[in-house]
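Here is how the chains run, residue by residue.
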Amino acid sequence: MRLLYPTTFVHPFFFLCMLTIGFAAPAYAQLSEKVFYTDPRINPEETGNLSLLIDNLSFFKNNEYDAYFQKGYTLPGFWIKPRLVYQPLTNIRIEAGLSALCFWGADSYPNYAYRDIVEWKSDRYQVGMHFIPFLRAQLSLSEQVDIILGSIYGGANHELIEPLYTPELNLTADQETGLQVLYRSRYVKTDLWLNWESFIFKGDYHQEAFTGGLSTRVNLTPEEAEYHWYIPVQGLAQHRGGEIDTLASAVKTLLNGAVGMGVQWNANRRVLKNVCLEVDVTGYYQQAGDLWPFNSGTGLYGRVGVQLGDFRVKASYWQCNRFISMFGNAFYGAVSHSYPGVTMDSPKVFYLGAEYSYNFGKGYSMGVDVELYQPLRVTFNSSSRTWQDTVETSISCGIYLRLTPSFLLKNFQ
């Protein structure tokens, strides 16, 4: 979900972000882990507790993008998920409440979650804020395995690479709902989920839609080793169809995937904490339907991250051939998000970013990030012509504050 706001104030806001990074207090790990991530583990010490949890993320993010890839926009707002949390047993937790999204200045919201879904339910609106129910039932089968039904642990918890999932969806996407299985051990960490995005009844005029995902990390060496080697394997499959709606639209099945190799040098020096290098090969496949202009494509993604004392500096290189990302940033693909029908021949993009995150205490954190995208000279194609052009540097800057206070109401032990 996006709001298009005037962006003439990008330079003052960019300057504010840089000042915040430069004069902030000591930081810890990267922003996604501290601000967007939600710990899925059940604490046995909270058995019998009935608590009120108020989960809130406030944000102000400005994107000054080159229009060939995607037009710029600003996201000022917050989401809040107040809910009751009850843990009747040491391995069972139930959470029930509401999820609400608000953009400052908006008073009505289309009922959709991700890109494209506006085509299905664009004529249905909510007033005031965008509301959906929140209900999570979680069973811990062992220290390694958890099963979640209802509102699953989505977004940053999937730990997908950016060509597959843009971190901005941690701000704007609906709470993912469906089924999730989590497995964690010393050498393998797996997240397997099904997010049911659109349910239909007989005679409905939008398609059924759901996305299945797999995110696995195989640790070849222990995470605390001086040189930690690992293999990430990730995949997404979205199906759009249904047999009881009134549409004549064709069934659509879209797939994204990635496999790679990474190494992290845990230097643990006074300033240099660690250096991480990862290379991934990505793939795209349109198994059915004609939603996008290409039926298959590939991409190559190399990234490096350096933790220098309180800061994290990131850089990456991306190139692809006919690759299309379902949930990724517009710069990680070969189609224009601004101009329908415009595609790109093997685009190449350099990325540079800096981020800061700080934990004030359990449940209270903040973060700031600045990102630069620089595509190389690109060849564009449309139905009428082919042309080359130089694409300008795109800038993104954001400030985020995550507050999750919890109040114990009663203990039933």
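Residues numbered from 1 in each chain as written. Predicted model: local features only at pLDDT ≥ 70, side-chain atom pairs only at ≥ 80, totals over all residues. Heavy atoms only, no water.

### Notes on the overall build of the protein
At step 1: The number of helices and strands found in the protein is four helices and 22 strands.
At step 2: Taken over 413 residues, the protein has a buried fraction of 48%.
At step 3: Contacts spanning at least 24 positions in sequence make up 66% of the contacts within the protein whose residues lie at least 6 apart.
At step 4: Carbon and sulfur atoms provide 61% of the accessible area of the protein, an area that totals close to 19,200 Å². (Helix = DSSP H or I, 4+ residues; strand = E, 2+ residues; numbered from the N terminus. Buried < 20%, exposed > 50% of the residue type's maximum accessible area, 1.4 Å probe, protein only. Contact = heavy atoms within 4.5 Å. Areas by Shrake-Rupley, 256 points an atom, 1.4 Å probe, with all protein chains shown as cover.)

### Notes on empty space enclosed by the protein
At step 1: Tallied over the full model, the rule gives six cavities of 30 Å³ or more.
At step 2: Taken as a whole, the largest cavity encloses approximately 280 Å³ of empty space.
At step 3: In terms of lining, the largest cavity is formed by 22 residues, of which the most central are Trp79, Lys81, Gly154, Gly155 and Gln175.
At step 4: Every element with two or more residues in the lining of the largest cavity is listed here: strand E2 (73-89), strand E6 (130-140) and helix H4 (169-172). (1 Å grid on protein atoms, 1.4 Å probe; cavity = no way out; pocket = protein on both sides within 12 Å on 5 of 7 lines; lining within 4 Å. Points joined across faces, edges and corners; volume = space filled by probe spheres on them.)

### Quick notes on the pairing of strand E14 (residues 296-308)
At step 1: Summarising the sheet, strand E13 (residues 272-288) and E14 pair through 13 bridges and their orientation is antiparallel. Its bridge partner lying in E14, leucine 272 is registered against leucine 308.
At step 2: What sits between the antiparallel neighbours E14 and strand E15 (residues 311-321) is a turn of two residues, in which glycine 309 has the positive phi angle 60 degrees. (Pairing = 2+ DSSP bridges.)

### Focus: the pattern of salt bridges
At step 1: Inspection of every chain in the model, using the stated rule, returns twelve salt bridges.
At step 2: For glutamate 168, the salt bridge identified is with lysine 61, shortest N-O distance 3.2 Å. Of this pair, glutamate 168 sits in the loop between strand E7 (145-151) and H4 while lysine 61 sits in strand E1 (residues 49-64), and the two are 107 residues apart along the sequence.
At step 3: The class for glutamate 168 is buried, based on a relative accessible area of 8%.
At step 4: Judged by relative accessible area, lysine 61 falls into the buried class, the value being 5%.
At step 5: As a salt-bridge pair, glutamate 95 and arginine 83 come within 2.6 Å of each other at their nearest N and O atoms. A residue pair is termed long-range when its members are at least 10 positions apart, and glutamate 95 in strand E3 (residues 92-103) and arginine 83 in strand E2 qualify at twelve residues.
At step 6: Looking at arginine 83, the relative accessible area reads 5%, which means it is buried. (Salt bridge = Lys/Arg side-chain N within 4 Å of Asp/Glu carboxyl O.)

### Overview of the packing of aromatic side chains
At step 1: The full count for this structure, using the stated rule, is 27 aromatic pairs.
At step 2: Here the aromatic rings of tryptophan 196 and phenylalanine 210 are separated by 4.6 Å at their centres, their planes lie at 25 degrees, and the arrangement is stacked. Of the two residues, tryptophan 196 is situated in strand E9 (residues 188-198) and phenylalanine 210 in strand E10 (residues 208-219); the sequence distance between them amounts to 14 residues.
At step 3: Ring geometry for tyrosine 317 versus phenylalanine 350: centroids 5.0 Å apart, planes at 45 degrees, classification tilted. With tyrosine 317 in strand E15 and phenylalanine 350 in strand E17 (residues 348-361), this residue pair connects regions lying 33 residues apart in the sequence.
At step 4: Taken together, the ring pairs connect Tyr65, Phe69, Tyr73, Tyr301, Trp318, Phe323, Phe331, Tyr332, Tyr351 and Tyr373 into an aromatic cluster.
At step 5: In this arrangement the basic side chain of lysine 81 is found over the ring face of tryptophan 79, its NZ or CZ atom lying 4.2 Å from the centre.
At step 6: In this structure, arginine 385 is placed above the aromatic ring of tryptophan 387, and the distance from its NZ or CZ to the ring centre is 3.9 Å. (Phe/Tyr/Trp six-rings, centres within 6.5 Å; stacked < 30°, edge-to-face > 60°. Lys NZ or Arg CZ within 6 Å of the ring centre and 35° of its normal.)

### A word on the sheet that holds strand E16 (residues 343-345)
At step 1: On the basis of which strands lie adjacent, the open sheet formed by three strands has the order E16-E19-E20 and antiparallel pairing. Single-partner strands in this sheet number two, and they are E16 and strand E20 (386-389). Taken over all neighbouring pairs, the strand axes of this sheet differ in orientation by 35 degrees on average, direction set aside.
At step 2: Two strands pair when backbone bridges link them, and strand E19 (residues 378-381) and E20 are joined in this way by four bridges, in the antiparallel orientation. Paired with valine 378 across the two strands is aspartate 389, which belongs to E20. (Axes fitted to C-alpha atoms, helices over the stretch in contact; angles between N-to-C directions.)

That is the geometry; function is a separate question.
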